[in-house]
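One-letter residues, chain by chain:
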Amino acid sequence: MSLHTYKCPSCGAPLKWEPSAGRIACDYCNGSFSVEEVENFNQELQAKEEAAIAAETGPDKASLGESDQQALGQDQLKTYVCNSCGAELVTDASTSATFCYYCHSPLLLVDRLSGKFKPDRVIPFQISKEKAQETFRAWASQKKYAPRGFSSESQLEKMTGVYLPVWLARVKNSLDFQGQGRVTKRLDSQRESIETYDISRQGDLALDNLLQTAFSSGDKIKPEAFESIANFRWEDSVPFSPAYLSGYYAELWSVSPEEAGQDATQRSKDLAHNELMAALHAQYDSFNLARDAVAAKLDHLDYVLAPAWALTFKFGQDTYLYVMNGQTGQIYGEVPLDKVRAWRSGGLIAAIILILLLLGGYFIW
């Protein structure tokens, strides 16, 4: 299967996306390049490599076969060979960008970034690992009874930058509400009048950027954790290039576009209905609807990769998750409670209070 590492145009070393600079960086020669420069250089390099392979093995072996493409959706492990050091790399079927375990080169599994698995857009990381670690330290320092080692350096080194898959939907809604509304007006302390109005609301309402997580509860990060940090600025997304993934992990969708489209359509229908009902409640004291109809149609669905910093902490039999939005810095965190530390602290406080009470009693007597 096809494996690719983006190479530095200056020295040929592996590259990675650098959030602070907004460019592709090389740690070896300190080179800095635009995505377009890296894409052009590596496309030429890949073309030469494929031509050399085709000359040796025949053109059929130079590219991924159709059967391999169809196998991408299957839930099984895949084996690759690192083209930097030759080590074998085993990944699960949901991974599209990772690292070599031995030489630590960032690797792109390009056969998983094509066809129906090719993203439309991506939000590049804008928060560096150093900034993410600093934010975690500040957050963890406020957790009084967290276990020792919760924010240690060895723990922080496990923080991982990962692109998570989402679907962004645009849905068009057609509204048709008919009925009567009533407004009660008090004339004086004993009298009131009721005025009746015809309700007629027809029109179209389009909802953009309806977020549908493209991974399920069985995946590495819980969808509800991701949704709690999903205040992304979607307008800052850019056309997808694998170069943005260099140096990070990336996941494939496991929720199909058909499922996401159906969910987005129903959610848009509910949102449009609730919005109009709220407007009627604000305008009338009461109302009866003879017709209450919302028709929703999916207009567009984009496959987008969104950046997040993730860290897990094992304590006892449970695993706790910390996730940070890699663009805006919003965080979600689960904190394990070290009961021994809590009990010791509580006991110490109780002992101090007891001593103060005894001393107070002594001086009173």
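What you are looking at is a predicted structure, and each value in this text was computed from that prediction instead of being measured. Position numbers for residues count from 1 along each chain, tracking the sequence in the order it is written. Residue-level local features of this predicted model are given only where pLDDT is at least 70; pairs of side-chain atoms are given and counted only at 80 or more, and the full residue set underlies all totals for whole chains, interfaces and linings. Side-chain measures here rest on the full set of heavy atoms in the structure, leaving out hydrogens and waters.

(A) View of the environment of P239. Along the chain, P239 falls in strand β11 (residues 238–239). Exposure is judged per residue with a 1.4 Å probe applied to protein chains only, and the accessible area is read against the type maximum: over 50% gives exposed, under 20% gives buried, and values in between give partly exposed. What makes P239 exposed here is its relative accessible area of 56%. With 118 residues separating them in the primary sequence, P239 and R121 have C-alpha atoms 4.5 Å apart. Where helices and strands are cited, they refer to DSSP runs of H or I of at least four residues and of E of at least two residues respectively, numbered from the N terminus.

(B) Representation of the pattern of salt bridges. Whenever Lys or Arg places a side-chain nitrogen within 4 Å of a carboxyl oxygen from Asp or Glu, that contact is recorded as a salt bridge. Counting across every chain of the model gives 12 salt bridges. Among the salt bridges present, the one from R170 reaches D299, with a minimum N-O distance of 3.0 Å. A residue pair is termed long-range when its members are at least 10 positions apart, and R170 in strand β9 (residues 160–186) and D299 in strand β13 (residues 286–315) qualify at 129 residues. Across the pair D188 and R191 runs a salt bridge whose closest N-O atoms are separated by 2.8 Å. On the basis of relative accessible area, D188 is assigned to the partly exposed category, the value being 31%. What emerges from the salt-bridge pattern is a single network uniting R170, K172, D208 and D299.

(C) Summary view of empty space enclosed by the protein. Cavities and pockets are found on a 1 Å grid laid over the protein atoms alone: a cavity is a set of points where a 1.4 Å probe fits but cannot escape, a pocket is an open set with protein on both sides within 12 Å along at least five of seven lines, and a lining residue has an atom within 4 Å of such a point. Grid points are joined across faces, edges and corners, and a volume is the space filled by probe spheres set on the points. In the structure shown here, the tally under the stated rule is 1 cavity of 30 Å³ or more. By volume, the largest cavity amounts to about 40 Å³. Every residue along the wall of the largest cavity is listed here: F136, F150, Q155, L311, T312, F313, Y320, L321, Y322 and E334. Of all the elements in the fold, those that place two or more residues in the lining of the largest cavity are β13 and β14 (318–325). Residue classes in the lining of the largest cavity are distributed as 7 nonpolar, 2 polar and 1 charged. By the convention adopted, Pro, Cys, Tyr, Trp, Phe, Met, Ile, Leu, Val and Ala count as nonpolar, Lys, Arg, Asp and Glu as charged, and the other residues, Gly among them, as polar.

(D) Geometry of the packing of aromatic side chains. Ring pairs shown here join Phe, Tyr and Trp side chains whose ring centres sit within 6.5 Å, with only the six-membered ring taken for Trp; geometry is labelled stacked below 30 degrees between planes, edge-to-face above 60, and tilted in between. Per the stated rule, a full pass over the model turns up 16 aromatic pairs. Plain terms: the ring middles of W17 and Y244 are 4.9 Å apart, the flat faces sit at 65° to each other, and that makes the pair edge-to-face. Taken together, the residues W17 in strand β1 (residues 16–18) and Y244 in the loop between β11 and β12 (249–251) connect sequence positions 227 residues apart. Note on W17: relative accessible area 7%, which makes it buried. Ring plane angle 10° and centroid distance 4.3 Å describe the contact between F125 and Y248, whose orientation is recorded as stacked. Pair noted here: F125 is in the loop between β8 (121–122) and α3 (129–140) and Y248 is in the loop between β11 and β12, with a separation of 123 residues, a long-range link. F125 sits in the buried class, given a relative accessible area of 1%.

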